[in-house]
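Notes for the structure review
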Amino acid sequence: MIETNNIPQHIAIIMDGNGRWANERGKERSYGHQAGVEAVRRITSECTRLGVKYLTLYTFSTENWGRPADEVAALMGLVLSSLEDEIFMKNNVRFRVIGDVKRLPDAVQQKLRETEEHTAKNDAMTMVVALSYSSRWEITEAVRQLVEEGAQNITEETISQHLTTNFMPDPDLLIRTGGELRISNYLLWQIAYSELYFCDTYWPDFDEAELHKAIESYQKRQRRYGKTEEQVEAENQNEE
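Definitions and limits used
Residues numbered from 1 in each chain as written. Predicted model: local features only at pLDDT ≥ 70, side-chain atom pairs only at ≥ 80, totals over all residues. Heavy atoms only, no water. Helix = DSSP H or I, 4+ residues; strand = E, 2+ residues; numbered from the N terminus. Rg over C-alpha atoms; globule rule 2.2 N^0.38 Å. Buried < 20%, exposed > 50% of the residue type's maximum accessible area, 1.4 Å probe, protein only. Contact = heavy atoms within 4.5 Å. Areas by Shrake-Rupley, 256 points an atom, 1.4 Å probe, with all protein chains shown as cover. Lys, Arg positive; Asp, Glu negative; His and termini not counted. Charge placed at Lys NZ, Arg CZ, Asp CG, Glu CD. Pairing = 2+ DSSP bridges.

**What to know about the overall build of the protein chain**
In terms of helices and strands, the protein chain carries 9 helices and 6 strands. For the protein chain, the C-alpha radius of gyration of 18 Å lies close to 18 Å, the compact-globule estimate for 240 residues. When the backbone C-alpha atoms are referred to their principal axes, the protein chain occupies close to 55 × 50 × 35 Å. Burial statistics for the protein chain: of 240 residues in total, 47% are counted as buried. Relative to all contacts within the protein chain whose residues are 6 or more apart in sequence, the contacts with residues 24 or more apart total 77%. Surface accessibility of the protein chain: about 12,700 Å² in total, with carbon and sulfur atoms responsible for 47%. Between the mean site of the 27 positive side-chain charges and the mean site of the 40 negative ones, the protein chain shows a separation of 4 Å.

Laid out in structure tokens, this is it:
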């Protein structure tokens, strides 16, 4: 049973397994990506209902540009069609995008801007889509900006301020579906102290019950941030 007073405020998800889900059904990989959009709708609605404040979805990585051209084109088309969905307004969700969006087709860039502007006043939750994103790219860009600015006193805070995620807190919980046990160049700086959860379920099959399992696992853990169990327990008692 989920503890409603201990919901992770920021959940990041690596939505893996769309292609394998489709292949097992004798379908094209694009069929799996289409089914994955339905999972996004389900999880967005449920996260909003539970009180999650930020949901970050790894949608298309920098490395994904190396996939077959027809699959990339299908994914870009899917991005356009999925942004037509009124799930943002229905659930009072703000939309944001992170990544090297300049590499995206012009029509996709325009639709992303329009959706950000259209949902800017929504405040129940912020859905962040990582498109043409990789963490090494992001960190490199932050360093490049600092050099251009002639920064002298570089700290963790100044680096964080120059990352594309500077408008939100670091993830409390990182979920990866599809059975793979790796991070795949995703939010490497930001997940330094995130709780990690891996499951075998392919993303198109990831539903509210699977999300609850991940949150329940998170709630059973003690987040110590380098401290001892005794220190954390003492701090919690003082807060009470």
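Structure's up, so let's keep going.
**Re the pairing of strand 5 (residues 173-176)**
Both faces of strand 5 are covered, namely the face carrying L173 and I175 and the face carrying L174 and R176. Pairing geometry for strand 1 (residues 10-14) and strand 5, over 4 bridges, is parallel. Residue pairing across strands places I13 opposite I175, the latter belonging to strand 5. Where strand 5 and strand 6 (residues 195-198) come together, 4 bridges link them in parallel fashion. Bridging from a neighbouring strand, R176 pairs with F198 of strand 6.

**Focus on the environment of G178**
Of note, G178 is situated in the loop between strand 5 and strand 6. Along the sequence, G178 and A124 sit 54 residues apart, while their C-alpha atoms lie 29 Å from each other. The residues touching G178, leaving out its near neighbours within four places in the chain, are D16, R20, C199, D200, T201 and Y202.

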